[in-house]
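# Structural overview
Read off the chains here:
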Amino acid sequence: MKEIEIKLKYSDENALRKKIKSIGKHTETYEIVDCYYGRDGENMKTAEKLLRIRTKKGVSELTFKGKKETEGNVWERVEINVPIGDSEKMELVLKNLGLKRILKNRTIREYWNINGTELGIMKIKEPAEVDFVEIEGKTKEDVERVTGLFKGILEPIGKDHFKKLDEANK
């Protein structure tokens, strides 16, 4: 399965919300806990392939995220999700395979449907507070089309946007 998405930042949350409400439909809001695993010495910036354990509404899944396959701000990569029954035991399996946890975060996610494309307002609460928007669609063109609707409100995330997470994770 392919993941096609872009991560964007905003400086005016009121303008963002006003625009979303005028063109989209709220679908759900929930909290997740994500734990990312990689090889020794890797971090979120350097790891090309990752494993993630995500717990949402008491249910956990293991996700493989492949190497980013595209250039530019819209990412395309392989993403494979598998339901798991026990996240703590899965973490032990990963650690016994020589992987280490490179990041754990807790995020409040608010999702909106905009013409069949998903827009999420992400508010990472731990290990540091970081806000951003993620637009995910079936095609790169869908993602770019919805992104274009937010011209002047959203802009691509720079390399340092998640720096607080890296610092808090040390």
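One can find the structure itself at the top, above this paragraph.
Residues numbered from 1 in each chain as written. Predicted model: local features only at pLDDT ≥ 70, side-chain atom pairs only at ≥ 80, totals over all residues. Heavy atoms only, no water.

### As for the packing of aromatic side chains
Within a pair of aromatic rings, the relevant descriptors are the distance that separates the centres and the angle that separates the planes. Throughout the structure, instances matching the rule amount to 1 aromatic pair. The lysine or arginine in question, K7, covers the ring of W75, its NZ or CZ lying 5.7 Å from the ring centre. The cationic tip of K56 hangs over the ring face of Y30; the distance from NZ or CZ to the ring centre is 4.4 Å. (Phe/Tyr/Trp six-rings, centres within 6.5 Å; stacked < 30°, edge-to-face > 60°. Lys NZ or Arg CZ within 6 Å of the ring centre and 35° of its normal.)

### Some points on the pattern of salt bridges
Following the criterion strictly, the structure yields 21 salt bridges and no others. Salt-bridge contacts for R17 lead to E13; the nearest nitrogen and oxygen are separated by 2.9 Å. In this pair, R17 and E13 both sit in helix α1 (residues 13–23), 4 residues apart, roughly one turn of the helix. The partner of K57 in a salt bridge is E28, with the nearest N and O atoms 3.2 Å apart. Taken together, the residues span a long stretch of sequence, with K57 in the loop between β3 (50–56) and β4 (59–65) and E28 in strand β2 (residues 25–38) at a distance of 29 residues. E28 gets classed as partly exposed once you look at its relative accessible area, which sits at 28%. A single salt-bridge network, built from bridges that share partners, covers E13, R17, E110, K123 and D131. (Salt bridge = Lys/Arg side-chain N within 4 Å of Asp/Glu carboxyl O. Helix = DSSP H or I, 4+ residues; strand = E, 2+ residues; numbered from the N terminus. Buried < 20%, exposed > 50% of the residue type's maximum accessible area, 1.4 Å probe, protein only.)

### Quick notes on the environment of I157
Topologically, I157 is positioned in the loop between β9 (154–156) and α4 (163–168). Classification of I157 as buried rests on a relative accessible area of 17%. Between the C-alpha atom of I157 and that of K9, which follows or precedes it by 148 residues, the distance is 5.5 Å.

### Observations regarding the nonpolar core
Within the largest apolar cluster, 17 residues are counted, with the highest numbers of intra-cluster contacts made by L16, L119, I121, V133, I135, F150 and L154. Elements with a minimum of two residues in this core: β1 (2–10), α1, β6 (100–114), β7 (117–126), β8 (130–136) and α3 (140–148). Per-element tally for this core: the top contributor is β1, with 4 residues. Among all residues touching V133, those that are not within four sequence positions of it are I6, K7, L8, Y10, L16, L119, G120, I121 and L154. (Core = buried A, V, L, I, M, F, W, Y, C linked by side-chain atoms within 4.5 Å. Contact = heavy atoms within 4.5 Å.)

### Points about the side chain of R54
Structurally, R54 is set in strand β3. With relative accessibility at 14%, the residue R54 sits in the buried group. A polar contact of 2.7 Å, which involves the side chain of R54, links it to the side chain of D34. (Polar contact = N/O pair within 3.5 Å; in protein donor to acceptor, adjacent residues only side chain to side chain.)

### Some thoughts on the environment of D131
Mapping D131 onto the fold places it in strand β8. Not counting chain neighbours up to four residues away, the residues in contact with D131 comprise Y10, M122, K123, I124 and H161. At 3.3 Å, the side chain of D131 and the side chain of K123 are in polar contact.

### A word on the pairing of β4
Examined bridge by bridge, β3 and β4 share 7 bridges and lie antiparallel to one another. The residue bridging L50 from the neighbouring strand is K65, located in β4. Pairing of β4 with strand β5 (residues 75–84) involves 6 bridges; the strand directions are antiparallel. When the bridges of β5 are listed, L62 appears paired with V82. (Pairing = 2+ DSSP bridges.)

### Some details on α3
Here α3 has its buried residues at V143, V146 and T147. Down the axis of α3, the buried side of the element spans an arc of 105°, and every buried residue falls inside it. Looking at the packing, one finds that the buried side of α3 touches β1, β6, β7 and β8. (Arc of directions from axis to C-beta.)

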